[in-house]
Amino acid sequence: MALAQRRSFLGLPKASESLASAAVPAQNAPSAALPPLAVIVLNRLAYGPRQGEIDAFNQLGADDDARLAAWVGQQLSPDTIDDAECQQALSNARLKIRYEAYTDSSDSSKSYPARNDAAPLGFVLSAKSNDELTQELWPRSQYSVSMHYTERTRPFDEVRVATWIRAVQSKRQLYEVLVDFWHNHFSVNGTSESSIMATFPVYDRIIRANALGNFRSFLEAVAKSTAMMYSLDNYNNRASGAEGGNENYARELFELHTFGSDNYYKFYDDRTAIPKLDDGVTPAGYIDDDVYEAASCLTGWTINTSNGLYTFNESYHYEGVKEVLGTLIRTRDVGAENEAKLVFDMLAKHPKVAAYVCKKLCRRLIADEPPQAAIDAAVATWMANLDNPNQLREVVRTIVTSAEFAAAWAQKVKRPFEAVAAYLRATGAQLPVDQTSYDGKESGGGFWGTIMYQMNGTGHKLFEWPTPTGHPDIASYWISSNSTLRRWNLPFLLVQSWGGNITTPEISGWDPTSEARSVTQIVDAWIARLFGYAISDTVRSQVIAFFAQGGDAAQPPAPTPKAPDWGKSDGLKQRYQAMIQLLAASPEFHSR
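Model, not experiment: these values are computed from the prediction. (Residues numbered from 1 in each chain as written. Predicted model: local features only at pLDDT ≥ 70, side-chain atom pairs only at ≥ 80, totals over all residues. Heavy atoms only, no water.)

### Focus on the nonpolar core
Trp-164, Trp-182, Phe-186, Phe-215, Phe-254 and Met-579 are the most contacted members of the largest nonpolar core, which totals 153 residues. A total of 8 residues in this core trace back to one element, the largest contributor, which is helix α8 (residues 149-169). Setting aside residues no more than four positions away along its own chain, Phe-215 makes contact with Trp-182, His-185, Phe-186, His-257, Thr-258, Ala-348, Val-353, Val-357, Trp-382, Gln-391 and Leu-392. If you look at the next biggest cluster of nonpolar residues, it comprises 5 residues, including Tyr-265, Ile-274, Ala-284 and Ile-287. (Core = buried A, V, L, I, M, F, W, Y, C linked by side-chain atoms within 4.5 Å. Buried < 20%, exposed > 50% of the residue type's maximum accessible area, 1.4 Å probe, protein only. Helix = DSSP H or I, 4+ residues; strand = E, 2+ residues; numbered from the N terminus. Contact = heavy atoms within 4.5 Å.)

Given below as structure tokens:
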């Protein structure tokens, strides 16, 4: 199918027209013809339905409210869900590491043997505590320790492989969606610094451990992590020496992690001049001085360079009086290390922080422009559960059981990773296991590296967003021509042996010689499986026409001597696969 035809088939404008104008739904407009609730839930609170999951959802209760409450209740208690299939997949996974023998560039007397290994995800699966694992990983971050670069990146690469496996195979889908959300909220670029690459499995653990927990606890755990310390330089934040204070982390703590830029009073130097909350005392937002003073409170929070663990170095701490959000903080009153904790306390209980984070959650789970009623309800739950160790669990429950959640559809566009995961789940795909060689070549067998390369081409680089903002979560960013073309091609590319070696046995094993169903019946069966509802007549009719290739759509598909089969014995099977991939390129498949 030519590019111009494909654009027409997908409902996209001509190349000279605006892509965004065709692909972005009208925000907050009433959703036309809502699909079944199971479809909404499994596309927005999961990475798409696997075969049988829509039916399983519908069996959870007598009506939609009961089904939703039951499904959400299960998903918000992920530890109670038997996830043995995913755990086995993680255990069976292999990630190739290969390099030639080399000599230490700084000491020619030291040489190192070649390595060609398809090794398990040892760091992801480690039973060691966070502190123990950090100390094991830390030498990989030190360039004084001679090590091949692929050994240094190995821990980071393992987390990316595990993320793919969990998205596609885990039954704890809402949990995985929320882990992805929090990784973006507390975003660090995993390849920007050797200390982050080395300790990334521990950072992933911190995100996973707190994704349904308490926001105040989450803030402190992230702040003390080796990855965040090096991502935003707080390890080098000291009252004297070095840079004489480093406000990078404090700046993003306010602007990205808590208040958001909408609550930044940029042009105010006087705290008394900015609006107050209803108590008439608490500032409604923050000014630059709050950042500077919070940075002073954080002086001394650093990393022990001998083992990579958080430590507090009191000699780095600035003991003068600070004022943050109108509150005076004195070292003699609270203790040097506790000054930063007091800042976290103030931020975590501030209503504007609750509103900012809840809006982001609603944007992820409902719509690019989330309804205010859902945000307000989430904020109320947040503030009522400030000391609840499961605060975030209850906030999410409020959002996803709201009337606004169930009433919205196609107000979001799946990001590339989400779209690919949805396709793999729907088609029953099997993820690859790396090998030491492939097709007789020792350089082959690194399928996961190829998958990451293909995905990076879409712009959706797992854990590698270059700035601390995290990947954008709005449709307009992800429907550029380049990204859209890449995502169209991924279902084809990733199942090639040279493109990722993901297998789809149910598709590749199709036997056209014993097929009794008609062209139309086959297409409709795949529409039901990929979408779970009736898609547009335009897309359906064009896919039927493509699969029929001039033949009778009421009869089983037949080979054709012309394109696209060219008389090849496997041509019809390739056309069958292409038909399914075309359905996965339709606008409906990329909506959620």
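### Some thoughts on the environment of Ser-508
Within the secondary structure, Ser-508 is located in helix α25 (residues 505-508). Note: C-alpha distance between Ser-508 and Gln-577 (69 residues apart in sequence) is 7.6 Å.

### Some thoughts on the confidence of the model for the protein
Looking at the protein, pLDDT values average 92 and 94% of them are 70 or higher. Counted against residues more than four places away or in other chains, residues 1-7, with its pLDDT under 50, gives 15 contacts. In the predicted structure, residues 9-31 sits below a pLDDT of 50 and forms 48 contacts with residues beyond four places in sequence or in another chain. (pLDDT = per-residue confidence, 0-100.)

### A short note on the environment of Ile-207
The topology assignment puts Ile-207 in helix α10 (residues 194-210). Taking relative accessible area as the criterion, Ile-207 reaches 0% and is therefore assigned buried. Residues Ile-207 and Phe-186, 21 residues apart in the sequence, show an inter-C-alpha distance of 8.5 Å. Not counting residues up to four positions away in its chain, the partners in contact with Ile-207 are Val-179, Trp-182, His-183, Phe-186 and Phe-218.

### With respect to the packing of helix α17 (residues 351-365) against helix α18 (residues 372-384)
For the pair α17 and α18, the least separation of the axes is 9 Å and the interaxial angle reads 130°. Comparing the axis directions of α17 and α18 gives the class oblique. In the packing of α17 onto α18, the handedness of the crossing is right-handed. Side by side, α17 and α18 meet where Pro-351, Ala-354, Ala-355, Val-357, Cys-358, Lys-359 and Cys-362 of the first sit next to Ala-374, Ile-375, Ala-378, Val-379, Trp-382 and Met-383 of the second. (Axes fitted to C-alpha atoms, helices over the stretch in contact; angles between N-to-C directions. Parallel < 35°, antiparallel > 145°, perpendicular 65-115°, else oblique. Left-handed = near helix turned anticlockwise from the far one by under 90°.)

### Some remarks on the pattern of salt bridges
Should their charged atoms come close, side chains of opposite charge can pair. Scanning the model with the defined rule gives 35 salt bridges in all. In this structure, the salt-bridge partner of Asp-64 is Arg-67, at a minimum N-O distance of 2.9 Å. Of this pair, Asp-64 and Arg-67 both sit in helix α5 (residues 64-75), separated by 3 residues, roughly a single helical turn. Across the salt bridge formed by Arg-208 and Glu-176, the nearest N and O atoms sit 2.7 Å from each other. Of this pair, Arg-208 sits in helix α10 while Glu-176 sits in helix α9 (residues 173-185), and the two are 32 residues apart along the sequence. When sorted by exposure, Arg-208 lands in the same class as Glu-176, which is buried. (Salt bridge = Lys/Arg side-chain N within 4 Å of Asp/Glu carboxyl O.)

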